[in-house]
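# Examining the three-dimensional arrangement
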Amino acid sequence: MKIIVTKDDQEMSQKAADLLQQCMEENEESVLGLATGGTPGGTYQELIRRYRAGELDFSRVTTLNLDEYVGVDKDHPQSYHTFMKEQLFQHVNMDIEKAHIPNGQASNLQEECVRYEALIEQVGPPHIQLLGIGHNGHIGFNEPGSSFKSETHVVDLADSTRDANARFFKSKSDVPSQAITMGIQSIMKSKRIVLIASGEKKAEAIRRLLSREVSEDFPASALHSHPDVTLIVDLSAYQKI
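Our subject in this report is the structure included herewith.

How each quantity is defined
- Residues numbered from 1 in each chain as written.
- Predicted model: local features only at pLDDT ≥ 70, side-chain atom pairs only at ≥ 80, totals over all residues.
- Heavy atoms only, no water.
- Helix = DSSP H or I, 4+ residues; strand = E, 2+ residues; numbered from the N terminus.
- Rg over C-alpha atoms; globule rule 2.2 N^0.38 Å.
- Buried < 20%, exposed > 50% of the residue type's maximum accessible area, 1.4 Å probe, protein only.
- 1 Å grid on protein atoms, 1.4 Å probe; cavity = no way out; pocket = protein on both sides within 12 Å on 5 of 7 lines; lining within 4 Å.
- Points joined across faces, edges and corners; volume = space filled by probe spheres on them.
- Nonpolar A, V, L, I, M, F, W, Y, C, P; charged D, E, K, R; others polar.
- Pairing = 2+ DSSP bridges.
- Contact = heavy atoms within 4.5 Å.
- Axes fitted to C-alpha atoms, helices over the stretch in contact; angles between N-to-C directions.
- Polar contact = N/O pair within 3.5 Å; in protein donor to acceptor, adjacent residues only side chain to side chain.
- Salt bridge = Lys/Arg side-chain N within 4 Å of Asp/Glu carboxyl O.

## Focus on the overall build of the protein chain
- Across its full length, the protein chain holds 7 helices and 10 strands.
- Compactness check: the protein chain gives a C-alpha radius of gyration of 17 Å against a globular reference of 18 Å for 241 residues, within 12% of the reference.
- Each of the three principal axes of the protein chain carries a C-alpha extent, and together these read 45 × 40 × 35 Å.
- Across the 241 residues in the protein chain, those meeting the buried criterion constitute 53%.

## Some words on the layout of surface pockets
- In this model, the largest pocket occupies a volume close to 540 Å³.
- Along the walls of the largest pocket sit 28 residues, with Gly38, Thr39, Ile133, Arg167 and Lys202 positioned nearest its centre.
- With 4 residues, the top contributor of residues to the lining of the largest pocket is helix H5 (residues 159–165).
- Of the residues contributing to the lining of the largest pocket, the split by class is 9 nonpolar, 15 polar and 4 charged.

## Some thoughts on the sheet that holds strand E1 (residues 2–6)
- Across the sheet, 7 strands lie side by side as E1-E10-E9-E6-E2-E3-E5; this open sheet has parallel pairing. Across the chains shown, the open sheet's two edge strands, defined by having one partner strand only, are E1 and strand E5 (99–100).
- Across 5 bridges, strand E9 (residues 193–197) lies against strand E10 (residues 229–234) in parallel orientation. Paired with Ile196 across the bridge in E10 is Ile232.
- Lying on the sheet, helix H4 (residues 109–123) is in contact with strand E2 (31–34), strand E3 (62–65) and E5; it crosses E3 at an angle near 150°.

## Observations regarding the environment of Glu151
- Locating Glu151 in the fold gives a position in the loop between strand E6 (128–131) and strand E7 (153–156).
- Taking the C-alpha atoms as reference points, Glu151 and Leu109, 42 residues apart in sequence, are found 14 Å from one another.
- When near neighbours in sequence (up to four residues on either side) are disregarded, Glu151 contacts Glu117, Thr181, Met182, Gly183, Gln185, Ser186 and Lys189.
- Polar contacts involving the side chain of Glu151 include one to the side chain of Gln185, which spans 3.4 Å.
- At 3.5 Å, the side chain of Glu151 and the side chain of Lys189 are in polar contact.

## A few points about the pattern of salt bridges
- All told, the structure shown has 15 salt bridges when counted by the stated rule.
- The salt bridge partner of Lys172 is Asp163, with a shortest N-O separation of 2.9 Å.
- For Lys172, a relative accessible area of 30% corresponds to the partly exposed category.
- The structure contains a network of salt bridges with shared partners spanning Asp18, Glu46, Arg49 and Arg50.

Next up, the structure:
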């Protein structure tokens, strides 16, 4: 695992954007694995800036998102379909038909999981996968106890995850209790992984990750067995190392 320590969230976002841009320049038909949540927003803003400056072309790029809430309409303000549209897709020259996100409203969720896993194999796996890390070590929505062999599946969200996401909703009671997520094995298929973390609230998760203890109780620890992982972390999140 390569570690890049930055002075703040802005520099972290720039460094992550550098790696995504490098991937896109090396292969104009790159498959990008994308994440949602509070952490990657700055990276997407930097990608938009570079696109507007004529430095990036998204026209032949394919994207695969990690997850989506179960039971939330695609047009809901807090769906990850809406998040990606507002945070990136509508601001660049993406072919929206090549932007893939699980369908949390599928009538048969198990069939949707099988479909999405097959899609990962069909159009991917990602050349580069962007990840955040939860306070409890989750990657995607793979909560503690998730099997390292898991593929795309439905997961019950931990209370700590729902607490963390409550800031995006009117109250915690409005936060969905389930999501569809790429499994850990699905994520590990990616050719390269970039994990980003910023802020003191992520410091304990980063400390535990870098202790190198590998356990399904801490899902992000699976990344230690991947051959090409870059951790980009700001000083606040790195303070316990």
